[in-house]
Every structure is written in C-alpha cells, then in structure tokens.
Amino acid sequence: MTYLAKPRLHHPTLPKNRRGYTRRDYEGAISTLCAGCGHDSISAALIQACFELDVEPHRVAKLSGIGCSSKTPTYFLGNSHGFNSVHGRMPSVLTGANLANRDLLYLGVSGDGDSASIGLGQFAHCMRRGVNMVYIVENNGVYGLTKGQFSATADRGSKSKRGVVNTDAAIDMAQLALQLGASFVARSFSGDKEQLVPLIKAAIEHRGAAFIDVVSPCVAFNNHAGSTKSYDYVREHNEAVNRLDVMVPRAAISAQYPPGSVRAITLHDGSTMLLHKLAADYDPGDRIRAMNYLAERQAQGQVVTGLLYAEAEPEDLHASLNTVSGPLNALGERELCPGAAALEKFNASLR
Amino acid sequence: MKATDIGNPDYFHKVVDCQWACPSHTPVPEYIRLIAAGRYGDAYLVNWKSNVFPGILGRTCDRPCEPACRRSRVEDADAREPVAICRLKRVAADQKEDIRARLPQPAAQRNGKRVACVGAGPASLTVARDLAPLGYEVVVLDGEQRAGGMIRSQIPKFRLPEEVIDEEVGYVLDLGVEFRGGQYVSSLRALLAEGWDAVFVGCGAPRGRDLELPGRREAAAHIHVGIDWLASVSFGHVTRVGKRVIVLGGGNTAMDCCRSAKRLGGEDVKVIVRSGFEEMKASPWEKEDAMHEGIPILNFLVPKAFLHEGGKLTGMTFEKVQAVYDANGRRSLIPTGEPDQAFACDEVLVAVGQENAFPWIERDLGIEFDRWGMPKLDPKTLQSTLPRVFFGGDAALGPKNIIWAVAHGHDAAISIDRHCHGEDVAVRPPPGVNLVSQKMGIHEWSYDNEIALDRRYRVPWRDVNVALKSIKVEVELGFDAKTAFREAQRCLNCDVQTVFSAKLCIECDACVDICPMDCITFTHGGEEQDLRSRLRAPAANLAQALYLADGLKTGRVMVKDEDVCLHCGLCAERCPTGAWDMQKFALDVTHAGPGCRDRRAPVRKVA
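Residues numbered from 1 in each chain as written. Chains lettered and ligands numbered in written order. Predicted model: local features only at pLDDT ≥ 70, side-chain atom pairs only at ≥ 80, totals over all residues.

Asker: What should I look at first to understand the overall build of chain B in this one?
Answerer: A count of helices and strands for chain B gives 22 helices and 24 strands. Since a compact globule built from 607 residues should have a radius of gyration of about 25 Å, the 27 Å found for chain B is in line with a globular shape. Overall size of chain B, expressed as C-alpha extent along the three principal axes, is 90 × 65 × 50 Å. Counting over 607 residues, chain B shows a buried share of 47%. Partitioning the contacts of chain B with sequence separation of at least 6, the portion at a separation of at least 24 is 72%. (Helix = DSSP H or I, 4+ residues; strand = E, 2+ residues; numbered from the N terminus. Rg over C-alpha atoms; globule rule 2.2 N^0.38 Å. Buried ≥ 20, exposed ≤ 12 C-beta atoms within 10 Å, placed from the backbone. Contact = placed C-beta atoms within 7 Å.)

Asker: Please clarify how the overall build of chain A should be interpreted in this entry.
Answerer: The helix and strand tally for chain A stands at twelve helices and 13 strands. Here the C-alpha radius of gyration of chain A, 21 Å, is about what a compact globule of 351 residues would show, namely 20 Å. When the backbone C-alpha atoms are referred to their principal axes, chain A occupies close to 70 × 50 × 50 Å. Counting across all 351 residues of chain A, residues that qualify as buried make up 48%. In chain A, the share of contacts with a sequence separation of at least 24, taken over all contacts with a separation of at least 6, comes to 72%.

Asker: Help me understand the environment of A:Ser85, please; the structure alone is not making it clear to me.
Answerer: Residue and element names in this part refer to chain A. Topologically, serine 85 is positioned in the loop between strand E2 (81-84) and helix H3 (90-100). Put simply, serine 85 and glycine 65 are 20 residues apart on the chain and 4.8 Å apart in space, counted from C-alpha to C-alpha. If near-sequence neighbours (up to four positions away) are discounted, serine 85 is found in contact with Leu63, Ser64, Gly65, Met90 and Val93.

Asker: So what exactly am I meant to see when it comes to the nonpolar core here?
Answerer: Inside soluble globular proteins, nonpolar side chains tend to come together where they are buried. Within the largest apolar cluster, 222 residues are counted, with the highest numbers of intra-cluster contacts made by A:Ile200, B:Ile35, B:Leu131 and B:Phe200. Residues within four places of B:Leu131 in sequence aside, it is in contact with B:Val115, B:Tyr136, B:Val138, B:Ala413, B:Ile416, B:Asp417 and B:Ala592. B:Ala219, B:Leu248, B:Val273 and B:Leu313 belong to the second-largest nonpolar core, a separate cluster that totals 36 residues. (Core = buried A, V, L, I, M, F, W, Y, C linked by C-beta atoms within 7 Å.)

Asker: Explanation requested: the sheet that holds strand E4 (residues 198-201) of chain B in the structure shown.
Answerer: Paired through their backbone hydrogen bonds, the strands of a sheet run either parallel or antiparallel. Residue and element names in this part refer to chain B. As summarised here, the arrangement of the five strands in space is E3-E2-E1-E4-E16, forming an open sheet in which the pairing is parallel. If you trace the sheet from one side to the other, it starts and ends with strand E3 (178-180) and strand E16 (389-391), each paired once. Pairwise comparison of adjacent strand axes, ignoring direction, gives a mean angle of 20° for this sheet. The pairing of strand E2 (residues 137-141) with E3 spans three bridges and is parallel. Of the residues in E3, the one forming a bridge with valine 140 is phenylalanine 179. (Pairing = 2+ DSSP bridges. Axes fitted to C-alpha atoms, helices over the stretch in contact; angles between N-to-C directions.)

Asker: Sorry if this is basic, but what is going on with helix H5 (residues 120-129) of chain A here?
Answerer: Residues lying three or four places apart along an α-helix face the same way, a consequence of the helix completing one turn every 3.6 residues. All names here are of chain A. Every buried residue of H5 is listed here: Gln122, Phe123, Cys126 and Met127. One side of H5 carries all its buried residues, which in axial view fall inside an arc of 125°. Check the buried side of H5 and you find it contacts H3, helix H4 (112-118), strand E4 (133-139), helix H6 (173-180) and strand E8 (209-215). Phi turns positive one or two residues past the end of H5, at glycine 130, with a value near 75°. (Arc of directions from axis to C-beta.)

Asker: Can you help me understand the domain arrangement of chain B in this one?
Answerer: Accessible area lost on assembly of the parts is the figure often given for the size of an interface. Residues and elements named next belong to chain B. According to the domain assignment, chain B contains domain 1 (114-206 + 356-420) and domain 2 (208-354). Look at where the C-alpha atoms of domain 1 and domain 2 centre, and you get two points 31 Å apart. Each partner contributes residues to the interface: domain 1 has nine residues there, and domain 2 has nine residues. By residue class, the composition of the side of domain 1 that touches domain 2 is five nonpolar, two polar and two charged. (Domains from an automatic or database assignment. Nonpolar A, V, L, I, M, F, W, Y, C, P; charged D, E, K, R; others polar.)

Asker: So what exactly am I meant to see when it comes to the environment of A:Glu239 here?
Answerer: Residues and elements named next belong to chain A. With respect to the secondary-structure elements, glutamate 239 resides in strand E9 (residues 238-240). Separated by 40 residues in the primary sequence, glutamate 239 and alanine 279 have C-alpha atoms spaced 8.6 Å apart. Residues within four places of glutamate 239 in sequence aside, it is in contact with Arg297, Gln302, Val303, Val304 and Thr305.

Asker: Sorry if this is basic, but what is going on with the pairing of strand E12 (residues 272-277) of chain A here?
Answerer: A regular strand places its side chains on the two faces of the sheet in alternate fashion. Residue and element names in this part refer to chain A. Strand direction decides the pairing type here: strand E10 (residues 242-247) and E12, joined by six bridges, are antiparallel. Residue pairing in the sheet places asparagine 242 in a bridge with lysine 277 of E12. Relative to E12, strand E11 (residues 262-266) runs antiparallel, the two being bridged by five bridges. Bridged to arginine 263 within E12 is leucine 275.

Asker: Even after reading the chapter, I still don't get unusual backbone geometry, so can you show me in this structure?
Answerer: Note: most peptide bonds trans; most residues except glycine with negative phi. Notably, B:Glu507 is not glycine yet its phi reads approximately 55°, a positive angle. Counting through the fold element by element, B:Glu507 comes out in the loop between strand E20 (496-500) and helix H20 (510-514).

Asker: Hey, could you run me through the interface of chain B and chain A in this one?
Answerer: Chain B puts 30 residues into the contact, and the matching count from chain A is 23 residues. Mapped by element, the contributors of at least two residues to the side of chain B that touches chain A are helix H7 (71-74), H20 and helix H22 (570-574) of chain B. Here the residues of the side of chain B that touches chain A are counted per class, giving 18 nonpolar, three polar and nine charged.

Asker: Please explain the packing of helix H14 (residues 252-263) of chain B against helix H15 (residues 284-292) of chain B as it appears in this structure.
Answerer: Helix-helix packing: each pair is described by the crossing angle between the helix axes and the interaxial distance. Residue and element names in this part refer to chain B. Look at H14 against H15: their axes get within 10 Å of each other, and the N-to-C directions meet at 20°. Taken together, the axes of H14 and H15 lie roughly parallel to each other. The element H14 and its partner H15 pack so that their crossing is left-handed. Taken together, the residues of H15 that come into contact with H14 (itself represented by Asn252, Met255, Cys258 and Arg259) are Glu286, Lys287, Asp289 and Ala290. Each residue belonging to the contact of H14 with H15 can be placed in one class, and the counts come to three nonpolar, one polar and four charged. (Parallel < 35°, antiparallel > 145°, perpendicular 65-115°, else oblique. Left-handed = near helix turned anticlockwise from the far one by under 90°.)

Asker: Would you mind going over the sheet that holds strand E21 (residues 520-523) of chain B with me for this structure?
Answerer: All names here are of chain B. With antiparallel pairing, three strands are arranged side by side in an open sheet as E21-E23-E22. Whereas interior strands pair on both sides, the edge strands pair on one side only; in this sheet they are E21 and strand E22 (546-549). Across the sheet, the mean angle separating the axes of adjacent strands is 20° when strand polarity is ignored. Bridge count between E22 and strand E23 (residues 557-561): four bridges; the pairing is antiparallel. The residue bridging leucine 548 from the neighbouring strand is valine 559, located in E23.

Asker: I tried to follow the confidence of the model for chain B on my own but got confused; where do I start?
Answerer: Where the model shows low pLDDT, its predicted coordinates should not be examined in detail. All names here are of chain B. Scored by pLDDT, chain B has a mean of 94; 99% of the residues are at 70 or more. When pLDDT is averaged over each element of chain B, strand E1 (residues 114-118) comes out on top at 98 and strand E15 (residues 354-355) at the bottom at 86. In the predicted assembly, ipTM is 0.90 and pTM is 0.90. (pLDDT = per-residue confidence, 0-100.)

Asker: Help me understand the environment of A:Thr305 in this model?
Answerer: Residues and elements named next belong to chain A. By secondary structure assignment, the location of threonine 305 is in strand E13 (residues 303-310). Judged by local crowding, threonine 305 falls into the buried class, with 27 C-beta atoms found within 10 Å. Through-space distance from the C-alpha of threonine 305 to that of arginine 187 is 4.7 Å; in sequence the pair is 118 residues apart. Residue contacts for threonine 305: discarding those within four places in its chain leaves Arg187, Ser188, Phe189, Gln195, Asn238, Glu239 and Ala240.

Here you go:
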C-alpha cells in the first residue's frame, strides 16, 4: 500500500496507440493492495492489453465482486465504467448489463474466494450460458482480506503460512470452465506478462465466454515454502503448452517461425492469433483432450498454462436468446412500444 | 554486459547529474532540500564548503549543472526546463542568518609553510581558503587595491552587488590570509627568491583580444577593449558612454558590455556578432537578459573597418556572411555577396575574446610553456614543470569561468598540501562516500518523494526602466522564500539512489508496473547495445548508464535505465521484500588537509 500517487510524468518516448492514448491513460487509481501483490501485475497486464488493442476506455465495463481481486478494477482503466457488486454476484450483474448493452467490452474480475466458493453457482451459469465477457479469476489460494485462510482452490496438502496443511480437495477453475462449456479457457501466471498479455488480448477478441485463471501469488499470506501458489512454486512447476501472439489487423506479421510450429487463427475482426506450440501433443481445439491433459498433468504436480481451449466460432448468449442486435438504450420509442396492434398480434400468437 | 559495480563512487555520483557536471562537485540536491526546509544557513554552508562563493556564484555562475539537470529530460516536451539551481543558491546566500560563527577559525598555530598566491581572483582565494585554516601562511598578491580579481573588475555591479563580493571575499581573508593589494607581481623570479614553499599563479586571463582593422588606430579614442572597459566602469573611471554604441562579440563579456553601456548613456546599443545567434558563446540567459533590456543582437556580420572623420569614430562596416558546413560538419563563414553594411556609432566595445599573458614570468625559471604560450601543466595536479609553482583558474588552462577557477583552487590546494608534506602530488585522494537508506517507516522516507509538476519559476526582474537608470542597481531580485520553496520542490533528489539487491528479489514485477518512467526491466542478459534496444522503454541516451544486477532466481537480469528516473521511490515502496531501497548518496570531495595526505595524523579515539 502506498500513499503517493504515481507521478503524471512519463517516459519521453512513451508511444500512443491508434486512439491517441498512451499506456498510462489506461491506468487507474494507485493500488492499495500489499506491495508485490500478483493482482497488481494482472492489472498492469490488462492495461497493456487494452492499450495494445486500441480499446476505447468508455466502451469498457469492469465488474467485480468482493475480495482483494475485486478491488483491482479501481486500479486500471480509470476512465471506464465500473460496478463493484455483492460477494460472488459479479456474473449475474454482468449478465444483466451485457443483455442490456451488448456493445460494451465486459471485464469480469474475480478471485478464488469470490468465484470458487460463494459465487461458484454464478460462475457456473455464466460460463454455460456463454455470456460474451472476459472472466478473470485472480487465483491466490487464500483469503487475503481475512488474513490468509485457505480458499477452495488451495491444493490439498499445501501448507498455510502458519504451517496448517490443507485437507480439502482443490477446485480447478480452468477444468470447471472447460466442463461448463466456456468457449475460451486459459491459465496463466501473474509473474509472466509475456504470456498473460496476449492471452488477455485473445480473450478480449473472443466473442463468447472467455475464462482466464491467473495464478497470482499472495505475498502476504501465500508465498512461502509449502505453498503451491507461490512465485517460486509456480515458476518451478509451470508447464506452458503454447505461446500466443495476437496480431491486430494493421500489424504486419514479420516474425518468421519454423513451419509446423505455429498455427495462425484468424479472429472475428480480422485479427490473427499466432499459436506457438510448446507441448507437441497439445491441441487447444479439442475440449475433451484438453480436460484429460489438464487432469494428467495436475496429477503429476504441474501447473499447465497457456491457451487451453478456444472455440473458433463461438456462440454467445445473445445469439441463443435471439435478442435485438443493438444495445437497448439505442432503441427508439417505436421499437420499444410497437403499439396496440402489435401487442394484439403477439398475444394472439400465444393463444 | 556485466553487473554494475555500485561500489565505485563514480557510478552513483554520475547519476546525480548536476553534481557530476559541477567542476567542484557541489552536492546540489542536498542544499536544495535544505532550502526547501528553510535552513538557508545550512544550505549556504554546504555550498561554501564546496564552491567558496555561493552568493557570487548564485548570481554569476555559468551553471554547467543546469543543462545537465535530469528535470529537463523528464518534463513534458512542450516545456522542459531544469531546476533553477543557480538562483536557488542565491536564495541560500540572501536569506541565510549570520553564519560567521560557523566558518573555520584562523589556524591557532602556523605549520611553518608559506604560500604565495598571485592574483586575488576566485582560484587564488580558494587556495587560500583551503590552506589557511590548516596553518599555512598564505599571502595573496594583486595589482588592484581590493581582492576579488575578475569578480570585482569585470562583472557589472547590476549583476553582482559590491556587498556580496565584499562579504564572501571577506570570509576568505578573515581566515588569517594576508592580502597585499596594489602589489602587482612583475617578476616571478623575484617572488620565488623570497623563499615560498609554493607559489600559486591565479592571475586570470587578463588580456582582451583586440581587432586590428582599418581605422583602429585613427579612431582609437572611441574604441575600447571590452574587459578593460568593464574594469574602468567597475572602478568608476568610466561613467559615460556615447549615445550610439556597437559591441563586437558574442560571449558573456559582450553581454556585460552592452548592458553596461545601456546604463551609462547609451541609447542605441547593439551587439554585432560574426556567428549565428544560436552559436554565440554567451549563455542563453545572458542573451535573454540583454534582449530584455532592448538591446538587439545582429548576427552573421564580420567587422571590416572602423569609419572615422577627423580622428572621431563615425561608424563601422560589416560584411554579411552565412554559415556553410562541409562534409565533416566544420563551419565556415562565407560572404553572401551582399553589399557591406554600415552602422553609425560613437563608440565601439571590442569583446571578441580573452588571452592569457604572462609577461612577468621569466622564461628561464624552469617553467615550460607550450606553443600557445600556456604553461605546461598536469591538468589534475596543476603543477608546472617547476615543482613548487602551481597554476589555476583562467591562468592554467585558458579562459573558463568562476566555478572552474574554484575547482582548480581546490585541486591546486591539495597539490600544494601534498607537495609541502613531501608527498607525490600525482597521487590524488579519493572522495569520501556514504550511502544511507532513507526509509523511515512503511510509507515514510526522509526526503520528499512526491514529484511536483510545477514548471520552472522565473526570477523576478526589477522594472527595466528603473534598472537601466543606474549601473549599480541589481536587475534580478532573487526568489522570495515562497517561490524558492516551490522551485526547490522541482528537484528530483537524484542523490537519493535506487539501490537494488538481487538476492532479496522475488521477481514479482511490482517495481516494473509502478515505475512511472518505465525505467526498470527484467530480461535475459546481453551486450549493452542489445539490452538498450529491448528494455521496457528504449534507452537511447548513451550518456546515461544502465544499472544491471544479476543473481536473480530465474537467471534473468534487472536492468534500470538511469536516464529519466524520477527518484520517486515508488519501486521501493511497492517492493514486498526490500530488494529496492532508496539510499542517499553523499559524496564528500576531499580537500586539502590531513585527509588528502598519505601519512595521516593518528585519529584520536573517542573516549
């Protein structure tokens, strides 16, 4: 926690994006989280991703629940819309907002306590409905705000700071998202922005329920020997299955890769996602195999990271519900009140 | 690229750009903090120790510190300006309480060594200040009646009031230094025959260059060499000047000449220079001051002839030239072919440069001179080829400025001290260095780390109509305490260093994320050139070091580009493990005295 606002001065060569904004323009208020918190790194990655994608800040809605992670939307995109909801209820508030205005970019920020315990049901239904959003779980395995009790994602057998061993089975949020039908599932690590930033960009480009489980060490309560969510442990056990480069349409793809090692996936807006395979036998296009792979590696004590699964042509909630194509606030009186004749006709269709 | 050796005193010293640029290495951020705290006397003494003439330099220094100031690299592109370091120094001098009791006392006991200083300018006075308290019998000889040298003779009083000179020259002479005014040294042989243990030559560059053009002799009565004329003005021998005055030359002397002429009755005063306006040698602020007083500066005009009628100067002709650069970037001034331009005038002041002159040094004393007539010296020790004769200031390496003269004085004093103790003068004492954490608590630093966004404050000027009425009314009024505080807050505290300890780092990226200037990068190692291109922000300023630390768990290296660091300490505040710390770097330049010698007097133990 710091009391000093980040000085407004910036590097003289700080670049601007196509919207005329610098990366600094995507920052928020100064973080009041503990120094070294992984969550701050995730905020920085979100800032970087939004800057690189030329996101217009006023077209973004940040929603969160309760917890350390849910505080973070204050610390990035200071000029975007925000909603700090009830504990675990971010998904339903976000779903409602999304139904009302489908044109905004929805960032749902939650933690392992918020999403894996009190909000588990909310998380499940948001994923299976395919709400078009980026759902980020900042996963540190503990309740930091209440002084470090195990959360539902803490691995069985891992040790708390006071030496207590966790006896409960862990919930694997990425596995759960795969099982629940999320059309984009990834896992990353707050200490690896080279991996995380492209994943967030790909998730933003994805038009469907995009879920990223980000392991984010809690320096205050879960960064000791015996923890499975510490900087050291995750660095040691990280198995990245692939690396992503997300190319916006205007950028020329200049890098050369050996044939066969890269798969290019074109996204809905003409962006290209370049997928570098790191694990030869991993295919992020196959949900069942992805689930098996995760389970196998987890049994071996590895933390699988990278793009785990992505559906090329996702279908979102609006498509399933056949809603109007624009936001509700753009509808005129005629569309909203089609008149007595229309009502009569509609009622007749139900008789 | 290898890991940075932060144990080398030069590394962090270089980060303090102002102090590094200052010839006498004045600890600028330290005294600026004291000014902000209202501790003017303390700020003055920090200066006095290092540069001997804070009040004088606070008005007249060539301020090499300001172009170096980091502040001018970090502000928004539309208004990048350094901290007004020089004028803050003046605040310390103007606002201080009586500090006389805190100055060194004359030595209680003489050490039996006698040193003669030729010339009573800043170099000699610095030697005297450094040596007299140590017990040396220091005698300063000067042809003028009062001590000060060029400070007194050449700098107009409207820039530097007499009282300031008297005060600060007085502090030196009060240390038990003997001043023999009105004693022009006309023979070094005779001086050496008096048996001095060392002789310091600080006689300046006393000869102004003349212009031998047609008409120079005929109109001599109305053509003056700039520095001689300034001296005559300073000592009251000249009190009037013609209505139309041309000043030739583009240096600071020319600026002093034209502004003086404007105050002595010159109505149409103009400066005419050979070069372009931009290439003029005068400091930008001195040009600005002259133009502020309504003095035009005409450029690319090469003087051709003095026009005269019946022994009276009537004007000058000039050839119009343009600058042409060859393939090597060398400039030559080529006539444009336009007809010559004539300017009518009543008087001309020639300020086209200064030369050294040593007519009083016999050439068979063992002091060798080079082909430019300058003494052969070791630039570090300032010792001549006659071991007991030392040079300093403009007399040593050609015309420079006061702060260089002071720096030479310190160096020469060390040489003299070692020489008089039978030690090798080539061995130079290392500086004292201290690095202390500024952490006071979780969010508490012992310095104000909040970055003020204020733009540089202007020093108020006296109303130009009032100022131009008198040669003695000081033009600049100096900052008041409130403005001084605000200006002081612009200082980035570059001496509070970011010190990194790799073994404590957990590579959480918190410092990288918080750094407002994108100075910090964690990456794989490489050659410096390669690293500079792939940092978080390109490190294009090659004059500024990269701070590299290895020994991280992941095998990467931490690279910090020192160039635009604000020293805000946020990296240290956001660091969970204390791998970053803000530590104040204090450089204590060793002056003459026991500390500069090999054989030290035994240190008395504290009981």
